[in-house]
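Next come the chains, spelled out residue by residue.
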Amino acid sequence: MSRPDFFALLQALPDPCLVLTTDLRVKAVNDLFLTTTGFDRDALLDFRLLEDAFPDPGGGESAQGRQQFRASIDAAQITATAQVADVHRYDLPGGKGGR
């Protein structure tokens, strides 16, 4: 039996998605994530998720979303189960905007 094509599976997902390593570096993103955020794939790969890609916004609605997102990441690492983060407003530095 052949192995599934991981990137093809990621691309087929109907939502913007990214894949992280255990130390929270961006390993892969689907095209819908790039279209939604305005980021370039090569520029985003290997970013430290919370430090580089989504830095602390310093307060407001973005800060609350970042805290909840961090809690979801922590839960995934502790429980070794998939987590789905709620949608939160977050102003992406370097991105060109959403859809």
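Reading the values: rules and limits
- Residues numbered from 1 in each chain as written.
- Predicted model: local features only at pLDDT ≥ 70, side-chain atom pairs only at ≥ 80, totals over all residues.
- Heavy atoms only, no water.
- Salt bridge = Lys/Arg side-chain N within 4 Å of Asp/Glu carboxyl O.
- Buried < 20%, exposed > 50% of the residue type's maximum accessible area, 1.4 Å probe, protein only.
- Helix = DSSP H or I, 4+ residues; strand = E, 2+ residues; numbered from the N terminus.
- Pairing = 2+ DSSP bridges.
- Contact = heavy atoms within 4.5 Å.

*Asks:* Go over the pattern of salt bridges with me, naming the residues and quoting the values.
*Replies:* In this structure the tally under the stated criterion is 4 salt bridges. Residue arginine 25 pairs with aspartate 23 through a salt bridge whose shortest N-O separation is 3.5 Å. Residue classification places arginine 25 among the partly exposed residues on the basis of a relative accessible area of 26%. Here arginine 41 makes a salt bridge to aspartate 31, at a shortest N to O gap of 2.7 Å. With arginine 41 in helix α3 (residues 41-44) and aspartate 31 in helix α2 (residues 31-37), the pair connects residues that are 10 residues apart, well separated along the chain. With relative accessibility at 36%, the residue aspartate 31 sits in the partly exposed group.

*Asks:* Quick rundown of the pairing of strand β2 (residues 26-29)? Include the residues and the values.
*Replies:* Remark: a regular strand shows side chains that alternate across the two faces of the sheet. By the bridge criterion, 3 bridges tie strand β1 (residues 18-20) to β2 in an arrangement that is antiparallel. Residue valine 19 lies in a different strand from β2, and its bridge partner there is alanine 28. In this antiparallel pair of consecutive strands, β1 and β2, the connection spans 5 residues, and leucine 24 shows a positive phi of 65 degrees.

*Asks:* If you had to explain the side chain of serine 72 to someone new, which residues and values would you point to?
*Replies:* Residue placement: serine 72 occurs in helix α5 (residues 60-79). Serine 72 sits in the buried class, given a relative accessible area of 13%. Apart from the residues lying within four places of it in its own chain, the contact partners of serine 72 are Gln83, Val84 and Ala85.

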